[in-house]
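Survey of secondary and tertiary structure
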Amino acid sequence: MKKQADFKTLCVHAGELKDEQFGGAISPLFPSTSYAFNDVESSQYPRYFNTPNQRGLAKKIAALEGAEAGMIFGSGMAAISTALMAHLESGDHVVFQNDLYGGTRNFVKHEFPKFGIEFSFTSGMTSDDFEKEIRENTKGIYIETPSNPTLKIIDLKEISDLAKAHGLWSMIDNTFASPVNQNPIHFGIDIVLHSATKYLGGHSDICAGVVLGSQVSIERLFLSAKNFGGSLSDYTVWLLERSIKTLFLRVQAQNTNALKIAEFLEKESWVDQVFYPGLSNHPNHELAKKQMHGFGGMLSFNLNAQIDAKKFLLNLELIKPTMSLAGIESTALSPHLTSHALLTEEERIAQGIGPQMIRFSTGIEAFEDIKNDLIQSVKLQDP
Ligand SMILES: *Cc1c(COP(=O)(O)O)cnc(C)c1O
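This section reports on the structure supplied with the text. Just so you know, these numbers come straight off a predicted model, no measurement behind them. (Residues numbered from 1 in each chain as written. Predicted model: local features only at pLDDT ≥ 70, side-chain atom pairs only at ≥ 80, totals over all residues. Heavy atoms only, no water.)

**A closer look at the sheet that holds strand β1 (residues 69-73)**
The 7 strands are arranged β1-β7-β6-β5-β4-β2-β3 in an open sheet whose pairing can be described as mixed. One side of each edge strand has no neighbouring strand; the edge strands of this open sheet are β1 and β3 (118-121). Direction aside, neighbouring strands of the sheet carry axes that sit 20 degrees apart on average. Where strand β5 (residues 169-173) lies against strand β6 (residues 191-195), 3 bridges are found, and the strand directions are parallel. Its bridge partner being in β6, Asp173 is matched across the sheet by Leu193. (Pairing = 2+ DSSP bridges. Helix = DSSP H or I, 4+ residues; strand = E, 2+ residues; numbered from the N terminus. Axes fitted to C-alpha atoms, helices over the stretch in contact; angles between N-to-C directions.)

Here you go:
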């Protein structure tokens, strides 16, 4: 798939606000919580998601995803939970992919039963696995590709076709790919979600979320969003808009580094298996090539049995062992001990997560420095 030629320009300029007063080069910040009164429908107010900076940023990210409209939230989970609740009511059912971001899984398991909303998780990642779970009261399908942490790929076109054939909505958490590498709306997916805390922010200093879709679906979202009230402060909205100007450059550098690291790890004797859709031996490499513009900055690998995973992480010097991901600095974690620690052992095994797995978020540092840090940490394991 070809990337729209003007993507880099959209990163810099889409949705920007003009400084009419002084002619400054960048979008001015409007932190007002109080605006001139027009009428109840069109009054501007932060929790109505319609202040100048909120609207400008929503326009920018919508342009990057090829969506008609968007809405900015205070966190990825605020975006995800509000989008789901806006499209569901008591008695409805949703099909979720089994390999799901932990926070989303917890939300579904803890909150849905309180509202009488039913859900099921698929047993696999093909559209047949999804179709099997569809019931009479199913309203939507929810996916995440590439998945966390094993980087499995789902066919976007097949899922959107399946949803349409059954009159369901389709939602995707597109956080791992970022709009640089994957634009699900082009494949017919209805609603795109992002934790902007990750690639969109990109500097590990912003917590935010985004929902994107048709004008109609965002209007529907607003009816619930104004009640749940999960809007983002205009200061952070402004900072996020600044961050996205370099989104293309950052993610492109992360794509390049990640492929080099995956290829390096594959040849190392202390690594048993590498999970990266950019590797030609990845089971969904051809599909990834078809529906992604780049393979992303996330990869995972299994250390061999001689390596102590915890010690390996603690002995890294440049690469920080941290919970989050997608910053310009390389980070690593053990899903078994952290992001997926709350799953049952059975659930972890079903997703292919063992104690030797390391999830790696590639930064923009020099490849040689990242590689050397991994090597020196392995050397410290030797007795
Ligand atoms: C981090 C993350 C989220 C949640 O985002 P927050 O900003 O932490 O609320 C959702 N989905 C994915 C894939 C994530 O990585």
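**A short note on the environment of Ser339**
Looking at where Ser339 falls in the secondary structure, it is placed in the loop between β11 (331-333) and α13 (345-351). Separated by 190 residues in sequence, Ser339 and Pro149 have C-alpha atoms that sit 9.1 Å apart. When sequence neighbours within four positions are dropped, the list of residues in contact with Ser339 reads Met323, Leu333, Ser334 and Arg359. (Contact = heavy atoms within 4.5 Å.)

**Let's talk about the packing of helix α3 (residues 76-86) against helix α8 (residues 215-228)**
For the pair α3 and α8, the least separation of the axes is 9 Å and the interaxial angle reads 120 degrees. It follows that α3 is oblique to α8 by the angle criterion. The two elements α3 and α8 cross, and the hand of that crossing is right-handed. Across the interface between the two elements, Thr82, Ala83, Met85 and Ala86 from α3 touch Arg220, Leu221, Ser224, Ala225 and Phe228 from α8. Broken down by class, the residue content of the contact of α3 with α8 amounts to 6 nonpolar, 2 polar and 1 charged. (Parallel < 35°, antiparallel > 145°, perpendicular 65-115°, else oblique. Left-handed = near helix turned anticlockwise from the far one by under 90°. Nonpolar A, V, L, I, M, F, W, Y, C, P; charged D, E, K, R; others polar.)

**A word on the nonpolar core**
With 48 residues, the main nonpolar core has Ile141, Ile143 and Leu247 as its most contacted residues. When contributions to this core are tallied by element, the ones reaching two or more residues are α1 (7-13), α2 (52-65), β4 (138-144), α6 (156-165), β7 (209-213), α9 (234-244) and α10 (247-267). It is α2 that contributes the most residues to this core, 5 residues altogether. Summarising the domain contributions, this core has at least three residues from each of domain 1 (7-244) and domain 2 (248-379). Residues contacting Ile141, with those up to four places away along its chain left out, are Val95, Phe130, Ile134, Ile159, Leu162, Ala163, Leu168, Trp169, Ser170 and Met171. Core analysis: the second largest hydrophobic core is formed by 32 residues, Ala262, Ala309, Leu316 and Ala332 among them. (Core = buried A, V, L, I, M, F, W, Y, C linked by side-chain atoms within 4.5 Å. Buried < 20%, exposed > 50% of the residue type's maximum accessible area, 1.4 Å probe, protein only. Domains from an automatic or database assignment.)

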